[in-house]
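Here is how the chains run, residue by residue.
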Amino acid sequence: MDGLRKACILGTGSYIPERVVTNNDLSRILDTSDEWIRTRTGIRERHLAAENESASDMAVKAAERALKMSGIPKHRIGFIILATGTPDYPIPNTSSLVQDKLGLPHAGAVDISAGCAGFIHGLVMAKGLVSSGLFDYGLVISSEMLSKHLDWKDRTTCILFGDGAGAAVVGPDQGKFEICSSDMGTDGSCWDCIHIPAGGTVEPVSEEAIRKDKIYLKMNGRKVFQNSVRRMIDTAAAVMAKEEITADEVGLFLFHQANIRIIQCVAKKMGIPWGKIPIELDRLGNTGPASVAIALDLAVRDYRIPEDGYILLDGFGAGFIWSSVLLRIEHTEKE
Ligand code: UT7
């Protein structure tokens with residue numbers, strides 16, 4: 001990266017909606033139990049958005065917290081990259097609504113859809129924009145509200161997810177974390193392992209699509225599980241090899257929070273001590289691409305960042321898409 005500037009995370013933020021739905025609450029409307037959900041997934045409860053809340057509302061709240069921590073004034077933000085699979089509308093992009101609600105006068109705004117790897121993909125893109133000198137400061141946000149796309153009669157999917165948003169301010173100054181090596185991958189042949197059949201150009205929403213529940217998320221859980229473990233291990237290994245470090249130099253592993261058993265398999269195969277892996281999914285469920293962003297912000301605010309070394313962010317999801325990035329710890333004081 002000679003000749004390029006550093007790109008650092010200067011502040012983080014997150015937002016979790018207020019309403020808590022426990023496994024016992026779900027067992028009252030579905031043929032499921034707290035015991036099944038906890039043992040198969042590690043999830044105890046999740047937070048779901050209010051009826052009148054949107055993905056952009058959650059994104060704005062997370063971004064405001066990240067901006068406050070960074071100290072960067074709004075007029076200096078040059079871009080917003082918003083990772084979401086649950087936009088406010090099919091058109092326009094949700095990041096335009098975020099730009100307006102935040103009042104960022106000079107920000108270009110773009111949405112990216114990269115499954116549960118979206119926030120990490122966004123950080124990689126932001127690093128390119130900042131390191132090259134094209135832009136100074138930008139916001140990478142992920143906001144996911146899958147609760148409005150779930151079939152609440154389908155016990156195999158609806159028990160898994162929660163709503164939430166996370167954000168980071170990226171810039172060229174000395175910051176909390178320098179964005180270092182990254183890795184991104186795709187296997188589009190598995191596109192239908194996590195998908196919503198209707199609502200796009202292949203099958204627009206119709207009465208028949210609604211009647212056949214095609215407007216809701218469908219998932220091949222076992223295939224997703226197996227691929228998650230393999231891809232999350234491979235992408236972590238790839239990024240550490242690029243940076244020429246070993247897992248011992250990584251103080252925190254922020255894995256996408258989908259299922260505690262996936263994270264346990266990855267940790268076991270990589271030989272990572274459990275104490276280096278923050279777990280938020282027990283109380284938040286799977287918040288999609290926001291999960292890694294939220295875990296990073298909570299680790300910062302709860303003083304769980306080591307004094308030096310690296311943090312590894314690792315995500316996998318619909319597509320299939322996966323990515324990882326290493327953050328070098330520069331500054332750990334709480335704001
Ligand atoms: O962000 C990325 C997206 N998603 C993921 O990463 C999810 C990855 N996959 C998984 O986490 C797991 O595959 C699940 C948690 C979705 C499912 O766990 P599993 O151990 O793979 O269960 P299964 O699908 O093999 O189902 C086992 C049994 C089935 O019953 P039968 O056929 O054995 O009689 C299911 O019908 O469990 C049943 N089942 C349930 N029972 C009670 C499925 N969901 C439930 C439920 N409550 N909620």
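Each value, and the rule that gives it
- Along each chain, residues carry numbers from 1 onward, in the same order as the chain's sequence is written.
- Only residues with pLDDT of at least 70 are given local features in this predicted model, and only at 80 or more are side-chain atom pairs given and counted; all residues enter the totals for whole chains, interfaces and linings.
- Neither water nor hydrogens contribute to the side-chain values; these are computed over all heavy atoms in the structure.
- Note on pairing: two strands pair once DSSP finds at least 2 bridges between them.
- Helical segments are the DSSP runs of H or I of at least four residues, strand segments are the runs of E of at least two, and each set is numbered from the N terminus.
- The axes used here are C-alpha line fits, helices contributing only the stretch in contact, and every angle between their N-to-C directions lies in the interval 0 to 180 degrees.
- Note on contacts: a residue pair qualifies if any of its non-hydrogen atoms lie within 4.5 Å across the two residues.
- For our purposes a nonpolar core is just a set of buried Ala, Val, Leu, Ile, Met, Phe, Trp, Tyr and Cys residues, chained together by side-chain atoms within 4.5 Å.
- In this scheme, a residue with accessible area under 20% of its type's maximum is buried, one over 50% is exposed, and one in between is partly exposed, where area comes from a 1.4 Å probe on protein chains only.
- An automatic or database domain assignment is the source of the domain bounds shown.
- Throughout this description, the term salt bridge denotes a Lys or Arg side-chain nitrogen within 4 Å of a carboxyl oxygen of Asp or Glu.
- Here a polar contact is recorded for every N or O atom pair within 3.5 Å, except that within protein the pair must consist of a potential hydrogen donor and a potential acceptor, and residues adjacent in sequence are included only if both atoms are side-chain atoms.
- Gly falls in the polar group here, along with every residue not listed as nonpolar (Ala, Val, Leu, Ile, Met, Phe, Trp, Tyr, Cys, Pro) or charged (Asp, Glu, Lys, Arg).

On the basis of which strands lie adjacent, the open sheet formed by nine strands has the order 5-4-6-7-1-8-13-12-11 and mixed pairing. Only two strands of the sheet have a single neighbouring strand rather than two, namely strand 5 (108–112) and strand 11 (250–255). Strand-to-strand twist of the sheet, defined as the mean angle between neighbouring strand axes without regard to direction, takes the value 20 degrees. Against the sheet, helix 5 (residues 118–131) engages strand 1 (8–15), strand 4 (77–83), strand 5, strand 6 (137–144), strand 7 (164–171), strand 8 (177–186), strand 12 (310–317) and strand 13 (321–329), with an angle of about 155 degrees to strand 4. Against the sheet, helix 10 (residues 290–301) engages strand 1, strand 6, strand 7, strand 8, strand 11, strand 12 and strand 13, with an angle of about 105 degrees to strand 1.

Moving on: the nonpolar core. In terms of nonpolar packing, the biggest core is built from 44 residues, with Phe255 and Met270 touching the most fellow members. Broken down by secondary-structure element, the contributors of at least two residues to this core are helix 7 (221–243), strand 11, helix 8 (260–270), strand 12 and strand 13. At eight residues, the largest contribution of residues to this core is made by helix 7. There are two domains that each give this core at least three residues, and those are domain 1 (8–175) and domain 2 (180–329).

Looking now at the domain arrangement of the protein. The domain boundaries assigned to the protein delineate domain 1 (8–175) and domain 2 (180–329). Here the C-alpha centre of domain 2 lies 14 Å away from the C-alpha centre of domain 1. At the interface, 45 residues of domain 1 touch 44 residues of domain 2. One can count two salt bridges joining domain 1 with domain 2. A salt bridge links aspartate 282 to arginine 44; the nearest nitrogen and oxygen atoms lie 3.4 Å apart. Between the two partners, domain 1 and domain 2, sit 16 residue pairs in polar contact (both at pLDDT 80 or more). Listing elements by their share of the side of domain 1 that touches domain 2, those giving two or more residues are strand 1, helix 2 (34–41), strand 3 (45–48), helix 3 (55–70), helix 5, strand 6 and strand 7. A total of seven residues in the side of domain 1 that touches domain 2 trace back to one element, the largest contributor, which is helix 5. Residue classes in the side of domain 1 that touches domain 2 are distributed as 18 nonpolar, 17 polar and ten charged.

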